[in-house]
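Chain residues, written in single-letter form:
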Amino acid sequence: RHLAYFQEHHSGASFRVYNLEVREMIQWLKDDKLDIVSLFYLPALHLEDYEKVFFGIENLVYYGPNLDLPEHAVTPQYVASHACPPQETQAWFSTPYAMMNYCQQNRIGAILPERFLQAMGIDEGYCELEPPLRLPCYLVYKKDNPKYATIQVFVDYIRRVYHIKK
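Residues numbered from 1 in each chain as written. Predicted model: local features only at pLDDT ≥ 70, side-chain atom pairs only at ≥ 80, totals over all residues. Heavy atoms only, no water.

Some remarks on the overall build of the chain
Next up, step 1: Regarding its fold elements, the chain presents six helices and six strands.
Next up, step 2: Secondary structure elements of the chain, listed N to C terminal, follow the sequence α-α-β-β-β-α-α-β-α-β-β-α.
Next up, step 3: Based on the C-alpha atoms only, the size of the chain along its principal axes is roughly 50 × 30 × 30 Å.
Next up, step 4: When the 166 residues of the chain are sorted by exposure, 34% land in the buried category.
Next up, step 5: Of the contacts made within the chain by residues no fewer than 6 positions apart, 67% connect residues no fewer than 24 positions apart. (Helix = DSSP H or I, 4+ residues; strand = E, 2+ residues; numbered from the N terminus. Buried < 20%, exposed > 50% of the residue type's maximum accessible area, 1.4 Å probe, protein only. Contact = heavy atoms within 4.5 Å.)

Description of the pairing of strand 6 (residues 133-142)
Next up, step 1: The element strand 6 is extensively covered by neighbouring structure, given that seven of its 10 residues are classed as buried.
Next up, step 2: Here strand 2 (residues 50-63) runs beside strand 6; their pairing, made up of 10 bridges, is antiparallel. Of the residues in strand 6, the one forming a bridge with asparagine 59 is arginine 134. (Pairing = 2+ DSSP bridges.)

What about the pattern of salt bridges?
Next up, step 1: Summed over the entire model, instances satisfying the criterion amount to four salt bridges.
Next up, step 2: Residues lysine 147 and aspartate 35 are paired through a salt bridge, measuring 3.0 Å at the closest nitrogen-oxygen approach. With lysine 147 in the loop between strand 6 and helix 6 (148-161) and aspartate 35 in the loop between helix 2 (22-30) and strand 1 (36-40), this residue pair connects regions lying 112 residues apart in the sequence.
Next up, step 3: Owing to a relative accessible area of 46%, lysine 147 belongs among the partly exposed residues under this scheme. (Salt bridge = Lys/Arg side-chain N within 4 Å of Asp/Glu carboxyl O.)

Encoded structure:
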């Protein structure tokens, strides 16, 4: 929705959207294959050389549409007794779309962003985690990017949408 709005109001803008693993995303940013990325910020990513703009906290939930989920929240004990233990993980997927689809086709669950599920029109088949898992979301881009002024227009728009002060 953000890209559609931005393109409607800034006709010269063009976007390509990729869904990459975070390390690949950072490498593409470094190699100038990407201008800006949206990601969960973790200190282990070493993003000191980049500009980072906070735009929200993402609530992660346990998605298991074919499982009998508890009424209130999924705990580590629930996962250990009802799901695949980590040493027996059935599959690793690099995108939330693939994870969501796999869960829909099998009796398995995954930890996914609640906002992502809601954007996909899913309002059931998931529940909160206990303890909660919330990660900060950032837009990340090079400070010396030649498209810096254009990037700032997009960043300012995202700040307005998410009510984030400079």
